[in-house]
Amino acid sequence: MALLQISEPGQAPDPHQRRIAVGIDLGTTHSLVAAVRHGLPECLPDEEGRVILPSAVRYTEGGGRQIGHAALEAQAEDAENTVVSAKRFMGRMLADVAGHQRLPYRFVDQPGMVGVATRDGVKTAVEVSAEILATLRFRAEDTFDDDVYGAVITVPAYFDDAQRQATKDAAQLAGLNVLRLINEPTAAAIAYGLDQGVEGLYAVYDLGGGTFDISLLRLARGVFEVVATGGDSALGGDDYDQRLASALLQRAGLGTLEALSPRERRNVQTAARRAKEALSAATSTTVSFEIDGRAHVLEATRAEFEAATAELTATTLRLLKRVLRDAKVATGEVQGVVMVGGSTRMPVVREAMAALFGRPPLVNLNPDEVVALGAALQANALAGNAASGDLLLLDVTPLSLGLETMGGLVERIIERNSTIPTAKAQDFTTFKDGQTAMAVHVVQGERELVSECRSLARFELRGIPPMVAGAARIRVTFQVDADGLLSVAAKELTSGVEAAIVVKPSYGLSDEQVAGMLKEGFASAEADMAARSLREAQVDAERMVLATESALAADGDLLEAGGRTAIEGLVARVRAAARDAGEPRAIEAAVEALAEGTEAFAAARMNRGIRDALAGKNVNEI
Amino acid sequence: MDAGLSLQATDFALFGLPERFEIDLSALDAKWKQLQGAAHPDRFATETAAAQRVAMQWAVRINEAYRRLKNPLARAAYLCSLHGVDLEAESNTAMPPAFLMQQMEWRDALSEAGTLDGVEALSDEVMASRNATLKSLQTQIDGTASVDWRQVAGTVRGLMFVDKFMSDIDRRVDALS
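I will try to describe carefully the structure that is included in this document. Bear in mind that the values here come from a model prediction, so they are computed numbers and not experimental data. (Residues numbered from 1 in each chain as written. Chains lettered and ligands numbered in written order. Predicted model: local features only at pLDDT ≥ 70, side-chain atom pairs only at ≥ 80, totals over all residues. Heavy atoms only, no water.)

The next thing to look at is the interface of chain A and chain B. Taken together, the contacts link 54 residues of chain A with 45 residues of chain B. Roughly 4200 Å² of surface becomes buried between chain A and chain B when both sides are summed, with 59% attributable to carbon and sulfur atoms. On inspection of chain A and its partner chain B, the count reaches four salt bridges. In this structure, lysine 33 of chain B engages glutamate 225 of chain A in a salt bridge whose closest nitrogen and oxygen atoms are separated by 3.6 Å. (Contact = heavy atoms within 4.5 Å. Buried area = accessible area lost by both parts, 1.4 Å probe. Salt bridge = Lys/Arg side-chain N within 4 Å of Asp/Glu carboxyl O.)

This is how it looks when you write it as structure tokens:
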């Protein structure tokens, strides 16, 4: 691990010093970390030169862990203690995980999120993912011999609120400062957009192992705007393997895939996957597998493969056209199609795109790396390292958000494809005379019935003064932040009685749970928890001091002399606390006081920024 | 400190656009991007918590105004509310008989259309009628010095029915294709 850097007392490090910001593609089967070096994004390799880290964690005897390749190698002999594809369990209950019966784990269906019982206790996808994220964080710190300032982590566009929250919790657990969560297709488009530097409309066709995502983005005047998204969270390369496997079994008169034992089924599917990959380069290949102890060797052709999977490719095309229709865009208006995910190596998919758009898709970036590369570019920009005039990303909510109303119907509050951050309020009223409480049920999805949407959170607003039915005015406010995370508040207006509550989705971990996990002795945590939290508070304090000083340097003229002195006093107090206080709470209190004391200054600075933007000035020229 | 623009400014003032129905959509788009370029939380990722809170508030407000100005119906409804006329979209459903007749004819045509071509022909007809109504809305608002905002509100309510019908058509197109 990198050594901590210590600057001379009283001397802040150069505020323009480059910050180490990384992009992380936390994938279902594998994960990558990338960073911008010498002006270009690149994936960071481990000591053995491999950029891909298999998303696998094995809990070994004596409380140890193996992560990545080592875990994968041991998977066959120790399947139940080796968690792979944890992303599929992220923010999910057991019932939500399709095909969990076929997985070799002892699942624990606990409230909040499903867990896997390992020899080291029950682990959730958040903890498993945190191990992977921490491994990538250490890789970056070793590469740069410096602390990682912050990370952009990518999530599938269809990820709902619970899954996003869980991803953020995992990052926090891994000691990463999350600069932003961004959608995977958006990251891919950033990687291509900046690379090509061309303005216009782009479609991102992302076909991974188990999911299909489609996004439409517009790049204009340095702004990346996500116009519409769609897809199918249960369609991917694995389905292509299954279709080929079924077709081969049928041709050889060996029955159906479902009739095989689990072991044989895995065997045949693996053989089919290899054949699929071989058929991307060759027009025919041989497939061999064993059933009932007998070896079978079959010939498979590309034509047979394409016929067996034509329906799947057609489904992706239908979903793609639907997104275009949603956005009222004709295929001719699309400037380029970005291909993401290993499954887009299949020639049939590339040909389908070329036929639909009348131009070959963009494939010059490695489809496995492109998401991490885009995330690295965005992380670099967010950390303030990028040159002025760089891109701004305006993303959208992938799914509608609403409330349950009478009769189990959904009242949509925020429509899908709304640009984030966004907030919307709607007024509701009571149903019965004298009603003093109201149940608020928050759901996500496009269907009319609550039962067909995903339940995100439930809470009760209590203390409504008794009134006749329909007299109360309950304002429910939905807010989605720039990470795509939702918070909901409810408030009774007429009586002047304020009863508001902000919820975190029921699948997300509470701050106490995260703190509890950290205390349980986490592999990535430093041995001494107290030292770690003190260090984090100091880093945060340093960050705030630098940010305030550069704000004062840029816009200090907005302040009266007294105002400036007050802020400088608060800064000095934060500095002193970071230097002298031996415990984090005193530092955090000083940082919070600084935040409160600079609220008006921040508002005034924003005003200036807005006014200059209206006057047509580029914000980077100010 | 300079007062400048506040979060309470009207959508039009926030975007520096004249308060009228017809607006330059490409200017709206350009202003939106300029404003978000100044206010978006991504621009403040390395700043203090206070700066991030302010950025969040402004970015939300800018997106709200953009969404309202971009949609002609929402824009017309907003102009009504700026002139003290509430749309009463939920409570006031009184519509002229001719309008209701046409709605019924369209609904019948949609339930009878069995092919994609048939639904798309209907879609074209409804869109043409919608565009003609939008045009008349523009005359009602921008064409006179003394606007009858109650009449405008009535036209907007009618268009809301039409838009609801258009989304039913879209659902049918999805089902048929």
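From this point, the narrative continues.
A separate point is the nonpolar core. With 48 residues, the main nonpolar core has Phe15 and Leu137 of chain B as its most contacted residues. Breaking this core down by element, the ones donating at least two residues are strand S19 (392–394) and helix H15 (599–614) of chain A together with helix H1 (11–14), helix H2 (25–39), helix H3 (49–70), helix H4 (72–82), helix H6 (116–142) and helix H7 (149–176) of chain B. The leading source of residues in this core is H3 of chain B, at nine residues. Among residues more than four places away in sequence, those in contact with phenylalanine 15 of chain B are Leu614 of chain A together with Leu28, Lys31, Trp32, Leu35, Ile62, Ala65, Tyr66 and Leu69 of chain B. Within the second largest apolar cluster, 46 residues are counted, among which are Leu44, Tyr59, Ile132 and Leu133 of chain A. (Core = buried A, V, L, I, M, F, W, Y, C linked by side-chain atoms within 4.5 Å. Buried < 20%, exposed > 50% of the residue type's maximum accessible area, 1.4 Å probe, protein only. Helix = DSSP H or I, 4+ residues; strand = E, 2+ residues; numbered from the N terminus.)

Turning to unusual backbone geometry, a few remarks are in order. All names here are of chain A. The residue after isoleucine 420, namely proline 421, is reached through a cis peptide bond having omega 0°. One can find proline 421 in the loop between strand S21 (409–414) and strand S22 (422–428). With a phi close to 55°, aspartate 145 is a non-glycine residue in the positive phi region. For aspartate 145, the location among the structural elements is in the loop between helix H2 (125–144) and strand S11 (150–155). Owing to a relative accessible area of 51%, aspartate 145 belongs among the exposed residues under this scheme.

For the rest of this paragraph, the subject is the sheet that holds strand S6 (residues 65–67) of chain A. Two orientations exist for strands paired in a sheet by backbone hydrogen bonds: parallel and antiparallel. Residues and elements named next belong to chain A. With antiparallel pairing, the three strands of this open sheet are ordered in space as S6-S5-S7. Where the open sheet ends on each side, the last strands, each with one partner, are S6 and strand S7 (82–84). Each strand axis lies, on average, 15° off the axis of its neighbour in the sheet, ignoring direction. Where strand S5 (residues 56–59) lies against S6, three bridges are found, and the strand directions are antiparallel. Along S6, the bridge assignment pairs tyrosine 59 with arginine 65. In the packing of H2 onto the sheet, contacts are made with S5, S6 and S7, and the angle to S5 comes to roughly 110°. (Pairing = 2+ DSSP bridges. Axes fitted to C-alpha atoms, helices over the stretch in contact; angles between N-to-C directions.)

We now examine the environment of glutamate 19 of chain B. Residue and element names in this part refer to chain B. With respect to the secondary-structure elements, glutamate 19 resides in the loop between H1 and H2. A relative accessible area of 45% places glutamate 19 in the partly exposed class. In this view, glutamate 19 contacts Phe12, Leu79, Leu82 and His83; residues no more than four positions away in its chain are not counted.

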